[in-house]
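# Coordinate inspection notes
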Amino acid sequence: MFRHIVLLKWTDDATEEQRAEVERRLSELPGVIPEIRTYQIGPDAGVNQGNFSFAVTAVFDSPEDYVVYRDHPAHLAVVEECIAPILAARTAVQYVVA
């Protein structure tokens, strides 16, 4: 198994509608990209100051399946149309699940 985790920080002027659209569009990806085994997304709970705004955790059978997701037109469309316009910072990690 192969896990991908990404943290996104929104710009200060990101609207609630824009943030909701990111969540809605990302939640559709498991139905479009069969290589996704598990997909968990959500906004930060707001318990600690300074956290990133949103998290995505995805599990794939292999690094190759992750690359299919990474490069899939539906995923790229969400990034370009919804995430990029309100993105202040991004960090990610991928690793093999033992």
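Provided above is the structure to which this section pertains.
Residues numbered from 1 in each chain as written. Predicted model: local features only at pLDDT ≥ 70, side-chain atom pairs only at ≥ 80, totals over all residues. Heavy atoms only, no water.

### A short note on the overall build of the protein
Check the secondary structure of the protein and you find 3 helices and 4 strands. Secondary structure of the protein in N-to-C order comes out as β-α-β-β-α-α-β. For the protein, the C-alpha radius of gyration of 13 Å lies close to 13 Å, the compact-globule estimate for 98 residues. Principal-axis analysis of the C-alpha atoms gives the protein an extent of 35 × 25 × 15 Å. (Helix = DSSP H or I, 4+ residues; strand = E, 2+ residues; numbered from the N terminus. Rg over C-alpha atoms; globule rule 2.2 N^0.38 Å.)

### Comments concerning helix α1 (residues 16–32)
Relative to the 24 Å expected for 17 residues at 1.5 Å per residue, α1 spans 25 Å between its end C-alpha atoms, a close match to the ideal helical length. For α1, the complete set of buried residues consists of Val-22, Arg-25, Leu-26 and Leu-29. Along the long axis of α1, the arc covered by the buried residues comes to 100°, so they all point the same way. Exposed residues lying more than 90 degrees from the buried face of α1 are Glu-17 and Gly-31. Residues of α1 that are buried sit in contact with β1 (2–10), β2 (36–43), β3 (54–60), α2 (63–71) and α3 (73–83). (Expected span 1.5 Å × (residues − 1). Buried < 20%, exposed > 50% of the residue type's maximum accessible area, 1.4 Å probe, protein only. Arc of directions from axis to C-beta. Contact = heavy atoms within 4.5 Å.)

### A look at the packing of α2 against α3
Where α2 meets α3, the closest approach of the two axes is 5 Å, and the angle between their N-to-C directions is 50°. Relative to α3, the element α2 lies oblique. Facing Tyr-69, Arg-70 and Asp-71 of α2, the residues of α3 in contact are Pro-73, His-75 and Leu-76. Across the contact of α2 with α3, the residue classes tally to 3 nonpolar, 1 polar and 2 charged. (Axes fitted to C-alpha atoms, helices over the stretch in contact; angles between N-to-C directions. Parallel < 35°, antiparallel > 145°, perpendicular 65-115°, else oblique. Nonpolar A, V, L, I, M, F, W, Y, C, P; charged D, E, K, R; others polar.)

### Description of the environment of Asp-12
In this structure, Asp-12 sits in the loop between β1 and α1. Taking the C-alpha atoms as reference points, Asp-12 and Gly-50, separated by 38 residues in sequence, lie 13 Å from one another.

### Description of the environment of Arg-24
Its place among the elements puts Arg-24 in helix α1. When the C-alpha positions of Arg-24 and Leu-7 are compared, they lie 17 Å apart, and in sequence the two are 17 residues distant. A polar atom in the side chain of Arg-24 sits 2.8 Å from the side chain of Glu-21. (Polar contact = N/O pair within 3.5 Å; in protein donor to acceptor, adjacent residues only side chain to side chain.)

### Digging into the sheet that holds strand β4 (residues 87–96)
Taken together, 4 strands build an open sheet; the order of strands is β2-β3-β1-β4 and the sheet is antiparallel. Among the strands making up the open sheet, the edge pair consists of β2 and β4. Between one strand axis and the next, the sheet turns by 10° as a mean value, whatever way the strands run. In this structure, β1 lies alongside β4, joined through 9 bridges in antiparallel fashion. (Pairing = 2+ DSSP bridges.)

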